[in-house]
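Report on the structure
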Amino acid sequence: MYKFYNNPMSQHSRRVQVLLEAAEIDHEAILIGFDDGEYMSEAYLAINPNHQVPTLVDGDIKIHESNAIMRYLCKKHGLEDWYPSAPEKLALVEQWLDWGQCRLSPAVVNIVLFTVFMPELNNQEAIQSGHETMKELTPILEAGLEGKDYLADDKPTIADLAVASNITHLALANAMPSAPNISAWIDRMCAIPTFQALTPQMTAAE
Ligand SMILES: N[C@@H](CCC(=O)N[C@@H](CS)C(=O)NCC(=O)O)C(=O)O
């Protein structure tokens, strides 16, 4: 059985957990603590030297990087709906997965980490930079959803799980983007069993 190392406060963990639950994949969920320093322990570093969650262990295979884990699970379990193989759909899935990791996630981390989890560092520069970047990225995501229910297909894919978990993480800092296509999409994502249950309570930014 898979061992899934995670923490509920981690949006990268949440996206994988939603996929595991939605696809009814048997797994053992193992909580890795932040507050108690477990994520930096020798035992966990042997599993993931990046001291990050999530990690999936499948026998001898240890996989870090949330999107790589989702791709692996989709391939292994033939989850064609979640990770379509048709080139046009696949290209969009990969585009939004990469966009989420390379462009969106750093901005979300700057806002949420320094506003919510490490306010004592008073890193206003990072928070400001995150908000500035979100001003640029919100219209890009909004346009990507124009006339569409989901990012890459007429059904949710792992790209939606990845990008929506990033966007809803902003709720912790009361910084959810306020844009009609994004809001309607998040509502649709909340219809996925466990997505809403695992997602922080959402309030749009002022
Ligand atoms: N690129 C990684 C990011 C994972 C990540 O940033 N995890 C955070 C929690 S959301 C973490 O474990 N942070 C602890 C650390 O970086 O030391 C992924 O997609 O899995």
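Placed above this text is the structure.
Since we're looking at a predicted model, the values are computed, not measured.

**So, the packing of helix α1 (residues 11–22) against helix α6 (residues 158–169)**
- Look at α1 against α6: their axes get within 9 Å of each other, and the N-to-C directions meet at 140 degrees. It follows from the interaxial angle that α1 and α6 lie oblique. Crossing of α1 against α6: the hand is right-handed. When α1 is examined against α6, the residues Q11, R14, R15, V18 and L19 are found in contact with a partner set consisting of I158, L161, A162, S165, N166 and H169.
- A class-by-class count of the residues in the contact of α1 with α6 yields five nonpolar, four polar and two charged.

**Focus on the environment of E21**
- Along the polypeptide, E21 turns up in helix α1.
- Under the C-beta neighbour-count criterion, E21 is labelled partly exposed, with 17 such atoms within 10 Å.
- As for E21 and H64, which are separated by 43 residues in sequence, their C-alpha atoms are 19 Å apart.
- In this view, E21 contacts P193 and T194; residues no more than four positions away in its chain are not counted.

Criteria and thresholds
Within each chain, residue numbers correspond to sequence positions counted from 1 in written order. In keeping with the predicted nature of the model, local features appear solely for residues at pLDDT of at least 70, side-chain atom pairs appear and are counted solely at 80 or more, and the whole-chain, interface and lining totals rest on all residues. To define axes, lines are fitted to C-alpha atoms, for helices over the stretch in contact only, and angles between the resulting N-to-C directions are given on a 0 to 180 degree scale. A run of DSSP states H or I qualifies as a helix once it reaches four residues; a run of E qualifies as a strand once it reaches two. Both are numbered from the N-terminal end. Here is the rule for angles: anything less than 35 degrees is roughly parallel, anything more than 145 is roughly antiparallel, 65 through 115 is roughly perpendicular, and the remaining ranges are oblique. By definition, any crossing whose near helix is turned counterclockwise from its far helix by less than a right angle is left-handed, and any crossing with a clockwise turn is right-handed. Residue pairs qualify as contacts under a 7 Å threshold applied to their C-beta atoms, which are placed from the backbone. For this scheme, ten residues count as nonpolar: Ala, Val, Leu, Ile, Met, Phe, Trp, Tyr, Cys and Pro. Four count as charged, namely Asp, Glu, Lys and Arg, and the remainder, Gly too, count as polar. Between the buried cut of 20 or more and the exposed cut of 12 or fewer other C-beta atoms within 10 Å of a residue's own C-beta lies the partly exposed class, and all C-beta atoms are placed from the backbone.

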